[in-house]
Amino acid sequence: MSGEYTPLTVRETREEIGGLAKTVVFDAPDWDWTAGQHLPIRLVINGEEVRRSYSISASPHTEDGLRICVKRVKDGLVSNVINDTIKAGDVIEAAAPNGTFTLAPGGTKRRTHYFFGAGSGITPLYAMLTSVMAAEPNSFAHLAYGNHNENSILLEDELNAIWQANPDRMSIHHVFTKPGWWSSAEYWRNGYIDKPAIEALIAENPPYAQDAQYYVCGPGGMNGAVKAALMSLDVPVDRIHMESYGGSAKLDTSVESMAATAQVTLYGQTQNVAITKGQTVLEAVKAAGLKPPFSCQSGVCGSCKAKLIKGEVHMRAYMALEDKDIDDGAILSCQSLAATDAIELTYD
């Protein structure tokens, strides 16, 4: 990946859920992306460069275009700037879409896809679900979507539209934690997306074909609970795909780092980099004058992923990685502390 940022012009914006979120649509270059990937963006706020990654809330197989949906976060620097100030005609710098939490539809495949999301976790799941409906005509999709109540459902009109257009191939199941005494909205269950809810969803919508896939996007605690529930139902772990969001990383600070030397390959060039005690690999690489790819710096987006060739590191958080990624040597450099005095890694 090049990590280069390109100016994108905002084509249009629209408020979501009463101004608590905003959809931003871009006039984008001829970029390809896969449903589930995210868009790294770079802004200058109060004279400081800040980077974030937001899931692309549209399928590449529809007419929605390249867009993100950003929910306000209390005291969130970037999310509030986007919601309060970004408008049509503005220019935002973005890097090419990336991420490994993806669903690539196949025109002849026959699959059942189960989606479990909460809050803004719906954004990549919506892109995936619409990809299945648009480009995998022999497959089915079932969504369990958790929110406080009907007033916090992101992309509600679009979800309903795609459901109404494909009533025989998909279903949506709303789960509300606080529906309210006088709520007129229909919802499937009161509570959380827990093991009983997961068992009920699959029982009501049994797999249409042997190839069933499971996609989970929500706060870290929810993801772990859903994964555990699916595995208790004998779902193979390689069919469970997860992504977390929104500052839910629990940093493991139990292991101290050490000073080290890192041999770093980036954009085809190799350089030795000094890592001081307590410094992450990403911090050391940047301090050496290199320009590695990165975005959220919290272990969520995966933009800073590298492959460890030699030595050992301790990752404080790794929500953007699956077990198979770690087994293949993948590390998140923003969360990696040296655990041996010499390491070797590549971003390429």
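By the naming in an unreviewed UniProt entry, the protein is 3-ketosteroid-9-alpha-hydroxylase reductase subunit, taken from Octadecabacter ascidiaceicola.

Moving on, we come to the sheet that holds strand β8 (residues 140–147). If you walk across this open sheet you meet the 6 strands as β10-β9-β8-β7-β11-β12, and the pairing is parallel. Looking at the sheet topology across the chains shown, the edges are occupied by β10 (189–190) and β12 (240–244). Of the strand pairs in this sheet, strand β9 (residues 170–176) and β10 are connected by 2 bridges, and their pairing is parallel. Note on β10: the bridge partner recorded for Phe176 is Asn190.

A separate point is the packing of aromatic side chains. On inspection of all chains with the given rule, the structure shows 5 aromatic pairs. A ring pair is formed by Phe115 and Tyr215, whose centres lie 5.2 Å apart and whose planes are at 25 degrees; its orientation type is stacked. Of this pair, Phe115 sits in strand β7 (residues 112–118) while Tyr215 sits in strand β11 (residues 212–218), and the two are 100 residues apart along the sequence. A residue is classified by how much of its surface remains accessible, and Phe115, at 0% relative accessible area, is buried. In this structure Tyr215 comes out as buried when scored by relative accessible area, which is 3%.

This next bit is on unusual backbone geometry. Although it is not a glycine, Ile17 sits at a positive phi angle of roughly 40 degrees. Assignment of secondary structure puts Ile17 in the loop between β1 (5–16) and β2 (21–27). The exposure class of Ile17 is buried, given its relative accessible area of 17%.

Our next topic: the domain arrangement of the protein. When the domains of the protein are assigned, the result is domain 1 (6–94), domain 2 (111–244) and domain 3 (260–346). Residue-level contacts link 5 residues of domain 2 with 4 residues of domain 3. Counting the contacts that link domain 2 with domain 3 gives 0 salt bridges. Here domain 2 and domain 3 share 0 residue pairs in polar contact (both at pLDDT 80 or more) between them. Sort the elements by how many residues they give to the side of domain 2 that touches domain 3 and β12 lands first, with 4 residues. Looking at the side of domain 2 that touches domain 3 residue by residue, the class counts come to 2 nonpolar, 2 polar and 1 charged.

Glancing now at the sheet that holds strand β13 (residues 260–266). Neighbouring strands of a sheet are bound in pairs by backbone hydrogen bonds; such pairs are parallel or else antiparallel. Read across the sheet, 5 strands follow the order β14-β13-β19-β15-β17 without closing on themselves; strand pairing throughout is mixed. Sheet topology places β14 (269–275) and β17 (330–332) at the edges, where each strand pairs with a single neighbour. Sheet twist, expressed as the average angle between the axes of neighbouring strands with direction ignored, equals 35 degrees. Of the pairings in the sheet, the one linking strand β15 (residues 305–310) to strand β19 (residues 342–346) comprises 3 bridges and is antiparallel in character. In the sheet register, Lys310 faces β19, and the bridge partner there is Glu344.

Here Asn83 lies in helix α1 (residues 77–85). One polar contact links the side chain of Asn83 to the main-chain carbonyl oxygen of Val70, over a distance of 3.2 Å. A polar contact of 2.8 Å, which involves the side chain of Asn83, links it to the backbone oxygen of Ser79. In contact with Asn83, not counting residues within four places along its chain, are Gly19, Leu20, Ala21, Lys22, Val70, Lys71 and Arg72.

Next up on the list: the pairing of β15. In this structure, β15 lies alongside β17, joined through 3 bridges in antiparallel fashion. Counterpart to Ala306 in the pairing with β17 is Ile331.

Right, let's get into the side chain of Thr112. Residue position: Thr112 is located in strand β7. Under the relative-accessibility criterion, Thr112 is labelled buried at 1%. The residues contacting Thr112, other than those within four sequence positions of it, are Phe140, His142, Pro207, Tyr208, Ala209, Asp211, Ala212 and Gln213.

Definitions and cut-offs
- Residues numbered from 1 in each chain as written.
- Predicted model: local features only at pLDDT ≥ 70, side-chain atom pairs only at ≥ 80, totals over all residues.
- Heavy atoms only, no water.
- Pairing = 2+ DSSP bridges.
- Helix = DSSP H or I, 4+ residues; strand = E, 2+ residues; numbered from the N terminus.
- Phe/Tyr/Trp six-rings, centres within 6.5 Å; stacked < 30°, edge-to-face > 60°.
- Buried < 20%, exposed > 50% of the residue type's maximum accessible area, 1.4 Å probe, protein only.
- Domains from an automatic or database assignment.
- Contact = heavy atoms within 4.5 Å.
- Salt bridge = Lys/Arg side-chain N within 4 Å of Asp/Glu carboxyl O.
- Polar contact = N/O pair within 3.5 Å; in protein donor to acceptor, adjacent residues only side chain to side chain.
- Nonpolar A, V, L, I, M, F, W, Y, C, P; charged D, E, K, R; others polar.
- Axes fitted to C-alpha atoms, helices over the stretch in contact; angles between N-to-C directions.

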